[in-house]
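What follows is each chain in one-letter form.
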Amino acid sequence: MSTATVDASLDAPLSDLAAHTPADILSQARLRGQQSGAIYAGGVYPPEAWALFQAGAAQLVDVRSAEELKFVGHVPGGQHVAWMTGAALVKNPRFVRELEKIASKDSVILLLCRSGKRSAAAAEAATLAGFTAVYNVLEGFEGDLDTQQRRGDSGGWRHWGLPWVQD
């Protein structure tokens, strides 16, 4: 397989996830992280995150605000530690301490936000605080904005048809 083929395959989730072990998924995620220059462990697409979470191979931590979880929806069984809080989205100064309460520093942790941007920043902060296996859920819960400035049609947890609930 050529290098170009391998690199191109990093831009999409592994096909047929049932054929891949959690170790395969995390290996691919680490390669994505290296390719993007991330300081955290790597990036997983929502279907890969769900496969890891279902297998018990990772903890899923939603870093969106409590308001986003309540009004937009969240992954059943996932945990919550806000990276930013309130309507003004002010950085949570207790983020690392709160993460330490629910996960050990060597746990495999998948961080999820709206589009994958805040969770990437949270993954960097966690890594700098000594967490060794923090992965960003690429595309986030709602995905990127589309041409009409709406979310939901361009990637994201819900777009992939993965389980979610709304309070």
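Details of the structure are given in the entry above.
Keep in mind the model is a prediction, meaning the values are calculated, not measured.

K.L.:
Looking at this model, I keep getting lost on unusual backbone geometry. Mind explaining?
P.N.:
Most peptide bonds take the trans form, and the phi angle of most residues other than glycine is negative. Of note, Leu89 is a non-glycine position whose phi angle comes to about 50 degrees, a positive value. For Leu89, the position within the fold is in the loop between β4 (84–85) and β5 (90–91). You will see that Glu139, though not glycine, has its phi angle at about 75 degrees, which is positive. Position of Glu139 among the secondary structure elements: in the segment after β7 (134–137). The exposure class of Glu139 is partly exposed, given its relative accessible area of 23%.

K.L.:
For this particular structure, what's the right way to read the pairing of β7?
P.N.:
In summary, the side chains of a regular strand alternate between the two faces of the sheet. Here β7 shows a buried face lined by Val134 and Asn136 and a second buried face lined by Tyr135 and Val137. As judged from the 3 bridges shared by strand β6 (residues 109–112) and β7, these two strands associate in the parallel manner. In the strand pairing of β7, Leu110 is matched with Tyr135. With helix α6 (residues 117–128) bridging β6 and the parallel β7, this β-α-β connection has right-handed handedness.

K.L.:
Sorry if this is basic, but what is going on with the nonpolar core here?
P.N.:
Among soluble globular proteins, nonpolar side chains are generally buried collectively. With 22 residues, the main nonpolar core has Val44, Leu60, Val75, Leu110 and Trp157 as its most contacted residues. For this core, the elements supplying multiple residues, two or more each, are α2 (22–36), α3 (46–54), β6 and β7. Looking at which element gives the most residues to this core, the answer is α3, with 4 residues. Formed by 18 residues, the second largest nonpolar core is a distinct cluster that contains Ile109, Ala120, Ala125 and Val134.

K.L.:
Help me out: how do you make sense of α3 in this one?
P.N.:
Along an α-helix, a turn takes 3.6 residues, which lines up residues three or four apart on a common side. Summarising burial for α3: 7 of the 9 residues are buried, a large majority. Among the residues making up α3, those that are buried are Pro46, Pro47, Glu48, Ala49, Trp50, Leu52 and Phe53. Turning to α3, the residues buried within the fold contact α2, β1 (42–44), β2 (59–62), β6 and β7. Gly56 sits one or two positions beyond α3 and adopts a positive phi of about 75 degrees.

K.L.:
For this particular structure, what's the right way to read the packing of aromatic side chains?
P.N.:
The relative placement of two aromatic rings is captured by the distance of their centres and the angle of their planes. Taken as a whole and assessed by the stated rule, the structure comprises 4 aromatic pairs. Judged by centre distance (5.8 Å) and plane angle (50 degrees), the ring pair of Trp50 and Phe53 falls under tilted. In this pair, Trp50 and Phe53 both sit in helix α3, 3 residues apart, roughly one turn of the helix. One exposure class covers both Trp50 and Phe53, and it is buried. A connected cluster of aromatic rings, assembled from ring pairs, spans Trp50, Phe53 and Trp157. Stacked on the ring of Phe141, the Lys or Arg Arg64 has its end atom at 4.3 Å from the ring centre. Here the basic side chain of Arg158 rests over the ring of Trp164, its NZ or CZ set 4.9 Å away from the ring centre.

Rules of the game
- Residues numbered from 1 in each chain as written.
- Predicted model: local features only at pLDDT ≥ 70, side-chain atom pairs only at ≥ 80, totals over all residues.
- Heavy atoms only, no water.
- Helix = DSSP H or I, 4+ residues; strand = E, 2+ residues; numbered from the N terminus.
- Buried < 20%, exposed > 50% of the residue type's maximum accessible area, 1.4 Å probe, protein only.
- Pairing = 2+ DSSP bridges.
- Right-handed = clockwise from strand over helix to strand, strands pointing away.
- Core = buried A, V, L, I, M, F, W, Y, C linked by side-chain atoms within 4.5 Å.
- Contact = heavy atoms within 4.5 Å.
- Phe/Tyr/Trp six-rings, centres within 6.5 Å; stacked < 30°, edge-to-face > 60°.
- Lys NZ or Arg CZ within 6 Å of the ring centre and 35° of its normal.

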